[in-house]
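# Structural description and commentary
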Amino acid sequence: PEDILRGNNALHAIISAMHAHPELEKLQEICLTALWHLSTKSEQYKRDISQHCDTILASMQEHMASGIVQEKGIITIWSVASSFPQHTEIGLMGIRAIINGAMAHIDDLNLQMETTGCLQALAANSTNKEPIRAGGAIDMIVAAMWVHFTSSALQATACSALTNIAICSDTNGVINTSPEVIDVIISAMKKFPTDEPLQKQACVLLRNFT
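Report on the accompanying structure. This one's a predicted model, so the numbers in the text were calculated from it and none came from an experiment.

### Here we look at the packing of helix H9 (residues 126–134) against helix H11 (residues 152–166)
Between H9 and H11, the least distance of the axes is 9 Å, while the angle of their chain directions is 115°. Judged by the angle between their axes, H9 and H11 are roughly perpendicular. Touching Lys129, Ile132 and Arg133 of H9 are Asn164, Ile165 and Ala166, all from H11. Looking at side-chain class alone, the contact of H9 with H11 contains 3 nonpolar, 1 polar and 2 charged residues.

This is how it looks when you write it as structure tokens:
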């Protein structure tokens, strides 16, 4: 039960274990899985975990080859950022850890879905937008769209993420885009002409670029 976990300071114990044994891949996988489970228990746990994103990202950077570490790290940060974007600030090094992890497992559709969803949530915090752009998120998303071109769900999620990333909060404008980005959006729309969520999100994105 949540009260027992909180009363015994389970979160502190998990984070301490991650700090004490950063080199142990299996332990990091278990700890990140536990953090994700805690993040689903309550909004308070999400708020508390948001203070430890640096620990999660350090684990992802250290264990880049582990798909489990990447997945559990991403979905935990996504869970936190979706509820508390204002408390989830990720610097450039953290964004690069996320992007590098996704690129290392570019063939993993689930991880690409989770990463694009996470980036969309993180981009809701204006402080994260520039690190996300500078860290290569747009190129990563475009690569994922091409690799998983037969997945309409990935195409729609990617367009949603690009929409959030592209908008400049200060000016309410959008960043300059490249022909490669426009090309993959149009190609996805042609591939899935009857997919309403994808068509809608792609049109929103194209509207913002015009």
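### Remarks on helix H10 (residues 137–147)
If you check which residues of H10 are buried, you get Ala137, Ile138, Met140, Ile141, Val142, Ala144 and Met145. Residues of H10 that are buried sit in contact with helix H7 (92–104), helix H8 (109–122), H9, H11 and helix H12 (179–191).

### Brief notes about the layout of surface pockets
What the largest pocket holds in volume is close to 150 Å³. Looking at the largest pocket, it is lined by 13 residues, and the ones nearest its centre are Ile138, Val142, Thr177, Ser178 and Val181. When contributions to the lining of the largest pocket are tallied by element, the ones reaching two or more residues are H10, H11 and H12. Of the residues belonging to the lining of the largest pocket, the class tally is 8 nonpolar, 3 polar and 2 charged.

### Points about the packing of aromatic side chains
This structure, assessed with the given rule, holds 1 aromatic pair. Between tryptophan 146 and phenylalanine 149, the ring centres sit 5.4 Å apart and the planes meet at 35°, which makes this aromatic pair tilted.

### Topic: the packing of H10 against H11
It is the contact of H10 with H11, at a shortest axis distance of 10 Å, that shows an interaxial angle of 165°. Relative to H11, the element H10 is oriented roughly antiparallel. The handedness of the crossing between H10 and H11 comes out as left-handed. Along the contact surface, H10 presents Ala137, Ile138, Ile141, Ala144 and Met145, while H11 presents Leu154, Gln155, Ala158, Cys159, Ala161, Leu162 and Ile165. A per-class count over the contact of H10 with H11 returns 11 nonpolar, 1 polar and no charged.

### Let's talk about the pattern of salt bridges
Pairing between side chains of opposite charge can happen when their charged atoms approach one another. All chains considered together, the criterion is met by 3 salt bridges. Lysine 26 serves as the salt-bridge partner of glutamate 29, at 3.7 Å between the closest nitrogen and oxygen. Residue glutamate 29 and its partner lysine 26 are both found in helix H3 (residues 25–39); the two are separated by 3 residues, about one turn of the helix. You can call glutamate 29 buried: its relative accessible area is 9%.

### A short note on the side chain of histidine 148
Relative to the assigned elements, histidine 148 resides in the loop between H10 and H11. With relative accessibility at 9%, the residue histidine 148 sits in the buried group. Dropping the residues within four chain positions of it, histidine 148 is found in contact with Ile106, Asp107, Asp108, Leu109, Gln112, Leu154 and Gln155.

Procedures and definitions
Residues numbered from 1 in each chain as written. Predicted model: local features only at pLDDT ≥ 70, side-chain atom pairs only at ≥ 80, totals over all residues. Heavy atoms only, no water. Axes fitted to C-alpha atoms, helices over the stretch in contact; angles between N-to-C directions. Helix = DSSP H or I, 4+ residues; strand = E, 2+ residues; numbered from the N terminus. Parallel < 35°, antiparallel > 145°, perpendicular 65-115°, else oblique. Contact = heavy atoms within 4.5 Å. Nonpolar A, V, L, I, M, F, W, Y, C, P; charged D, E, K, R; others polar. Buried < 20%, exposed > 50% of the residue type's maximum accessible area, 1.4 Å probe, protein only. 1 Å grid on protein atoms, 1.4 Å probe; cavity = no way out; pocket = protein on both sides within 12 Å on 5 of 7 lines; lining within 4 Å. Points joined across faces, edges and corners; volume = space filled by probe spheres on them. Phe/Tyr/Trp six-rings, centres within 6.5 Å; stacked < 30°, edge-to-face > 60°. Left-handed = near helix turned anticlockwise from the far one by under 90°. Salt bridge = Lys/Arg side-chain N within 4 Å of Asp/Glu carboxyl O.

By themselves these figures say nothing about function.
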